[in-house]
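# Architecture at a glance
What follows is each chain in one-letter form.
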Amino acid sequence: MTRIRAARIAVTAVLPAELALVVCLVAGVRLPGWALAATEVLLAAVLLLEARVLHGLYAAERARGAGRRAARHAAVRAVVPVQVRRLVLHELRATASLGRWAVRGKHGVRPGDLAAAYTGPQTAMMYGLLFVSVVETVALAVLIPWPAVHRVVLVLDVYSLLLVLALHAACVTRPHVVRPDGSLRIRYGALFDLAVPPDAVASVRVDRRYPQGRLVTLSEDGVLDLIVGSQTSVTLELNRPLPFTRPLGATGEARTVRFHADDPRALVTALRRQPAPS
C-alpha cells in the first residue's frame with residue numbers, strides 16, 4: 001500500500017512539471033542544462049517507480065486469474081488517481097470531437113434515435129470567450145517584450161483556445177438521445193453521461209428554470225441539475241434513484257433530473273410517445 005500511495009503522489013506531482021517542460025520545448029525556449037537534467041532525472045525516477053509498482057500489481061492480478069487486459073486496467077486504476085484518468089479521458093474525447101464536428105457527425109446516435117441539442121444557451125458565450133482569448137493573445141504578443149516569455153504564453157493561449165473549441169465541439173457532437181425503446185441518454189459533452197432506462201421514467205415535462213451553481217449540482221433531496229447557460233428546461237421524475245458519475249469521478253444518486261434541451265417540447269413529446277414498460 002505504501003508503494004501504491006507513493007506512486008499516486010508521484011503521478012499527481014510530476015504532471016505539472018512535465019506539462020511546463022513540454023510547453024517550454026514547444027515554444028522553443030532554451031532551458032538551462034541543469035534544469036533539463038533535473039527534470040529528466042525526476043521523470044526517469046517517477047517512470048521507474050511507476051513501472052515497478054504497475055508490474056507488481058499486474059503480476060498479482062494475473063496470479064488471481066485475471067486476463068491481461070483486466071489486469072492492466074486494474075493496475076492503472078490502483079496507481080493513477082481517478083481525477084487524473086478522467087481529466088485525460090475528457091481531454092482526449094473532446095479533442096476527437098473536433099474531427100467529428102468538422103464532418104457533422106454525432107456520437108452515440110443511431111437510426112431512429114432523436115438527437116436533442118442543448119448548446120443554445122452557451123454558444124454565444126463560447127464564441128465570445130474564443131474572441132476574447134484571441135484578442136488577449138494578440139495584445140500579449142504586442143506587450144510582452146521578451147521573446148521566450150512570448151513564445152510560452154503563445155503556446156498556452158493556443159492550447160486554451162483549442163480546449164474551449166474542443167469542449168464546445170464535444171457538446172455539439174454528443175447530444176441528448178431518446179431511443180425508440182423509451183430510454184434516454186442525458187449528456188454534457190464528454191464530461192457527463194447518464195443513461196436512463198425506460199422503466200425508470202415516472203414523468204417528464206417542460207419546466208424552464210434558472211438555477212445557480214456548477215454544471216452538475218445535486219441537492220439534499222436528490223434533485224440533480226445539469227445546468228447549461230444558467231438554465232434547465234426539462235424536468236424528469238424517476239421512480240427509483242439512479243446513480244451517476246460527476247466529471248471528476250465522484251458519484252451520487254438522483255431521484256429527479258433537471259436538464260436543458262434547445263427544443264424541450266420535442267424531447268418531452270418523444271419520451272411520452274414511448275410505450276409504457278410492461
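Everything below is about the structure printed above this text.
Residues numbered from 1 in each chain as written. Predicted model: local features only at pLDDT ≥ 70, side-chain atom pairs only at ≥ 80, totals over all residues. Heavy atoms only, no water.

### A word on the overall build of the chain
When helices and strands are tallied, the chain shows seven helices and nine strands. Across the 278 residues that make up the chain, the buried fraction comes to 37%. For the chain, the exposed area adds up to about 16000 Å²; of that, 63% sits on carbon and sulfur atoms. (Helix = DSSP H or I, 4+ residues; strand = E, 2+ residues; numbered from the N terminus. Buried < 20%, exposed > 50% of the residue type's maximum accessible area, 1.4 Å probe, protein only. Areas by Shrake-Rupley, 256 points an atom, 1.4 Å probe, with all protein chains shown as cover.)

### Notes on the sheet that holds strand E3 (residues 184-188)
Strand order in the open sheet formed by four strands is E1-E2-E3-E4, and the pairing between neighbours is antiparallel. Both outer strands of the open sheet, strand E1 (114-116) and strand E4 (192-196), are each paired with one neighbouring strand and no more. Here the average twist between neighbouring strands, direction ignored, is 15°. Relative to strand E2 (residues 176-178), E1 runs antiparallel, the two sharing three bridges. Following the sheet pairing, leucine 114 is matched in E2 by valine 178. (Pairing = 2+ DSSP bridges. Axes fitted to C-alpha atoms, helices over the stretch in contact; angles between N-to-C directions.)

### Some words on helix H7 (residues 264-273)
Helical geometry: 3.6 residues make up each α-helical turn, so side chains three or four residues apart lie on a common side. Within H7, burial applies to Pro264, Leu267, Val268, Ala270 and Leu271. All buried residues of H7 fall inside an arc of 160° around its axis, so they share one side. Of the exposed residues in H7, those oriented more than 90 degrees away from the buried face are Arg265, Arg272 and Arg273. Those residues of H7 that are buried are in contact with E1, E2, E3, strand E5 (201-209), strand E8 (232-245) and strand E9 (251-259). (Arc of directions from axis to C-beta. Contact = heavy atoms within 4.5 Å.)

### Some points on the pairing of E4
Here E4 shows a buried face lined by Phe192, Leu194 and Val196 and an unburied face lined by Asp193 and Ala195. Joining the antiparallel neighbours E3 and E4 is a turn of three residues, in which glycine 189 adopts a positive phi near 55°.

### Considerations on helix H5 (residues 120-143)
With 24 residues, H5 ought to run about 34 Å at 1.5 Å a step, and its terminal C-alpha atoms sit 35 Å apart, in line with that. Residues of H5 that are buried: Gln122, Met126, Leu130, Ser133 and Thr137. (Expected span 1.5 Å × (residues − 1).)

### Observations regarding the packing of aromatic side chains
What characterises a pair of aromatic rings is the spacing of the ring centres plus the angle enclosed by the ring planes. What the rule picks out here adds up to two aromatic pairs. Ring plane angle 35° and centroid distance 5.9 Å describe the contact between tyrosine 118 and tyrosine 188, whose orientation is recorded as tilted. Taken together, the positions of tyrosine 118 in the loop between E1 and H5 and tyrosine 188 in strand E3 put the pair 70 residues apart, joining distant regions of the chain. Aromatic side chains phenylalanine 192 and phenylalanine 244 sit 6.2 Å apart centroid to centroid with 55° between the ring planes, which places their arrangement in the tilted category. In this pair, phenylalanine 192 is assigned in strand E4 and phenylalanine 244 in strand E8, connecting sequence segments 52 residues apart. (Phe/Tyr/Trp six-rings, centres within 6.5 Å; stacked < 30°, edge-to-face > 60°.)

### Regarding the sheet that holds E8
With mixed pairing, the five strands of this open sheet are ordered in space as E5-E8-E9-E7-E6. The open sheet has two free edges, formed respectively by E5 and strand E6 (216-218), since each of these has just one partner strand. Within this sheet the neighbouring strands show an average axis-to-axis angle of 35°, counted without direction. Pairing of strand E7 (residues 223-226) with E9, which is carried by three bridges, proceeds in the parallel orientation. Following the sheet pairing, aspartate 225 is matched in E9 by arginine 258.

### Here's the deal with a nonpolar patch on the surface
Among the surface-exposed residues, Val134, Val138, Val142 and Leu143 lie close enough to one another that they form a single nonpolar patch of about 410 Å² accessible area. Examined against the element boundaries, leucine 143 turns out to sit in helix H5. (Patch = residues over 30% accessible without salt bridge, like charges linked within 9 Å, V, L, I, M, F, W, Y side chains within 5 Å. Salt bridge = Lys/Arg side-chain N within 4 Å of Asp/Glu carboxyl O.)

### Details of the side chain of histidine 168
Considering the arrangement of structural elements, one finds histidine 168 in helix H6 (residues 147-173). Accessibility expressed as a relative area gives 4% for histidine 168, which makes it buried. Beyond its immediate stretch of four places on either side in the chain, histidine 168 contacts Trp101, Thr119, Gln122, Thr123, Met126 and Tyr127.

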